[in-house]
Amino acid sequence: MSNPTTLAIGQYTDMDTGPLARDLGAMTLDSVSGIAGLPDAVRAGITAVAFKGHVAFDGAAMDLLPNLGVIANYGVGYDAINVADATARGIKVTNTPDVLNDDVADLAVAMLLAQGRRVVQASDWVRSGNWANSGEIALSRKVSGGRVGIVGLGRIGREIADRLAGFKMDIHYTSRSEKQTPGWTYHADPVSLAGAVDYLVVALVGGAETAGYVSAEVIRALGKDGVIVNISRGSTIDEAALLDALESGAIAGAGLDVFLNEPKIDARFMALDTVVLQPHHGSGTVDTRRAMGQLQRDNIAAFQAGRAVLTPVN
Ligand code: NAP
């Protein structure tokens, strides 16, 4: 049997391992650290990596694959891949934009609603017998017609804003530049944005440039009735400041799909009943994961056939 040309790195499910092997003849590895253990001849034959996960893939690992030409990321966020290192080596990087926008936006709205209407706490109220024993749950808070701020009006941020406009919310946003919108309010800086809204939804890219973008100052500006929703990356929020604010009641709550050090997240989150915790599954529906896998494979197939990749990052 000839050596594979595609190496699939990460935790794939059957939905993807089958097509990766069938369409691309891919060999799979659990993580980047396994590359060094491959025989020299196998490493030399690899021209494409199908990458999935959040563990760093940097130049040192790329150098172990001397004929690597493309890294196709499974996901729109490619902050685990050192793109500068890839570019310096003439390696193309691709991602899977757009096909996941709806799902991620849906989850952001679900967490916002869950926070406002205390959906998780209310479910616990019924399940624990409190409803029968203690009567009505404390009143929650009206969401429709409230004020929301979107941090990063990119592909996903815009889908979130479009959905919340349907809830008659007053939409504010910050981005590096003002966008064409149906009259939404632009703020040049996130502190001004946070000061103007009740709900702050973070939809930024991750990576070094946006680390701690939602700073202690931004969180303070949101105030004690404020709720933060994050579907971007754990790194975009100063997580220590967020935990302090939640514990002290400096903000009202949070809905979080992403954290630092996933999946071993800070234990302080577990003790807070004002947060809705989700296991980084914004794009985690069968339909969307199928589309992401297809786009990842289509990028590799295009590259290996000498055609332009479909969704380039660099
Ligand atoms: P996008 O279209 O590229 O939008 C990203 C936003 O980040 C834009 O508003 C952009 O600002 C802003 N931004 C980029 N670099 C910045 C910088 N240096 N400083 C300040 N703002 C910056 O990306 P997308 O497709 O919407 O995806 C956004 C992120 O969502 C992904 O990168 C990923 O990390 C995350 N995500 C999470 C899940 C999940 O499961 N929870 C799933 C998919 C994606 P401008 O508008 O000024 O360009």
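In this numbering scheme, every chain counts its residues from 1 along its sequence in written order. At least 70 in pLDDT is required for a residue's local features to be given in this predicted model, at least 80 for side-chain atom pairs to be given and counted, and no such filter applies to totals for whole chains, interfaces and linings, which use all residues. Side-chain metrics rest on all non-hydrogen atoms present in the structure, leaving aside hydrogens and water.

## Here's the deal with the domain arrangement of the chain
- Residue ranges assigned to each domain were obtained from an automatic or database domain assignment. In terms of domain boundaries, the chain breaks down into domain 1 (6-97 + 287-304) and domain 2 (101-277).
- Taking only C-alpha atoms, the centre of domain 1 and the centre of domain 2 are 32 Å apart.
- Any pair of residues with heavy atoms lying within 4.5 Å of one another is described as a contacting pair. In this complex, domain 1 contributes six residues to the contact, which on the side of domain 2 involves six residues.
- The quantity reported as buried area is the accessible area (1.4 Å probe) lost by two parts once they are put together, taken as the sum for both. Summing the contributions of domain 1 and of domain 2, the shared interface buries around 510 Å²; its carbon and sulfur component is 46%.
- The largest contributions to the domain 1 side of the interface with domain 2 come from D79, P97 and T288, which together make up 63% of the buried area.
- The salt bridge definition used is simple: a Lys or Arg side-chain nitrogen within 4 Å of an Asp or Glu carboxyl oxygen. Put simply, domain 1 and domain 2 have one salt bridge between them.
- D79 serves as the salt-bridge partner of R233, at 3.0 Å between the closest nitrogen and oxygen.
- Two N or O atoms count as a polar contact when they lie within 3.5 Å, although within protein this holds only if one can serve as hydrogen donor and the other as acceptor, and sequence-adjacent residues are included solely when both atoms are side-chain atoms. Seen at the junction of domain 1 and domain 2, the total is three residue pairs in polar contact (both at pLDDT 80 or more).

## Side note on the packing of aromatic side chains
- Stacked, tilted and edge-to-face pairs are distinguished by plane angle, under 30 degrees for stacked and over 60 for edge-to-face with tilted covering the rest, among Phe, Tyr and Trp rings (Trp via its six-membered ring) whose centres lie within 6.5 Å. Applying the stated criterion across every chain yields a total of four aromatic pairs.
- With a centroid separation of 5.3 Å and an interplanar angle of 50 degrees, the aromatic rings of Y173 and Y186 are classed as tilted. Placement of Y173 in strand β7 (residues 170-174) and of Y186 in strand β8 (residues 185-186) is noted, with a sequence separation of 13 residues between them.
- A relative accessible area of 0% means that Y173 is categorised as buried.
- Working definition: with a 1.4 Å probe on protein chains only, accessible area under 20% of the residue-type maximum means buried, over 50% means exposed, and in between means partly exposed. The class for Y186 is partly exposed, based on a relative accessible area of 23%.
- Should the NZ of a Lys or the CZ of an Arg lie within 6 Å of a ring centre and within 35 degrees of the ring normal, that charge is described as sitting over the ring. One cation-aromatic arrangement involves K52 over Y74; the distance from NZ or CZ to the ring centre is 4.7 Å. Helix and strand definitions here come from DSSP, where helices need a minimum of 4 consecutive H or I residues and strands a minimum of 2 consecutive E residues; each element is numbered from the N-terminal end.

## Some details on the sheet that holds strand β5 (residues 92-94)
- At least two bridges found by DSSP between two strands is the condition for calling them paired. The five strands lie next to each other as β2-β1-β3-β4-β5, forming an open sheet whose pairing is parallel. With partners counted over all chains shown, the strands left at the sheet margins are β2 (27-29) and β5, one partner each. Across the sheet, the mean angle from the axis of one strand to that of its neighbour is 20 degrees, orientation sign disregarded.
- Under this scheme, a helix contributes an axis fitted over its contacting stretch, all axes are lines through C-alpha atoms, and angles between N-to-C directions fall in the 0 to 180 degree range. Each of β1 (6-9), β3 (48-51), β4 (70-73) and β5 is contacted by helix α12 (residues 286-304), which is oriented at about 175 degrees to β3, the strand it contacts most.

## Focus: helix α5 (residues 101-116)
- Here the expected span of a helix is defined as 1.5 Å times the quantity of residues minus one. In a regular helix each residue adds 1.5 Å, so 16 residues correspond to 22 Å; α5 covers 23 Å between its end C-alpha atoms and thus fits that length.
- By the criterion of burial, α5 is predominantly enclosed, with twelve of the 16 residues buried.
- Listing the buried residues of α5 in full gives N101, D103, V104, A105, L107, A108, V109, M111, L112, A114, Q115 and G116.

## Thoughts on the site of the ligand
- Close contacts around the ligand come from 27 residues, with I156, R176, K179, E209 and D257 the closest.
- One of the backbone nitrogen or oxygen atoms of L153 is found 3.1 Å away from an oxygen atom of the ligand.
- All accessible-area figures derive from a Shrake-Rupley calculation using a 1.4 Å probe, and residue coverage is judged against the displayed protein chains alone. Its free accessible area being 930 Å², the ligand has 87% of it covered by the protein chains.
- Each residue is assigned to one of three groups, with Ala, Val, Leu, Ile, Met, Phe, Trp, Tyr, Cys and Pro labelled nonpolar, Asp, Glu, Lys and Arg labelled charged, and all others, Gly among them, labelled polar. Split into classes, the residues belonging to the shell around the ligand amount to eleven nonpolar, ten polar and six charged. One heavy atom within 4 Å of a molecule or strand makes the whole residue count as near it.

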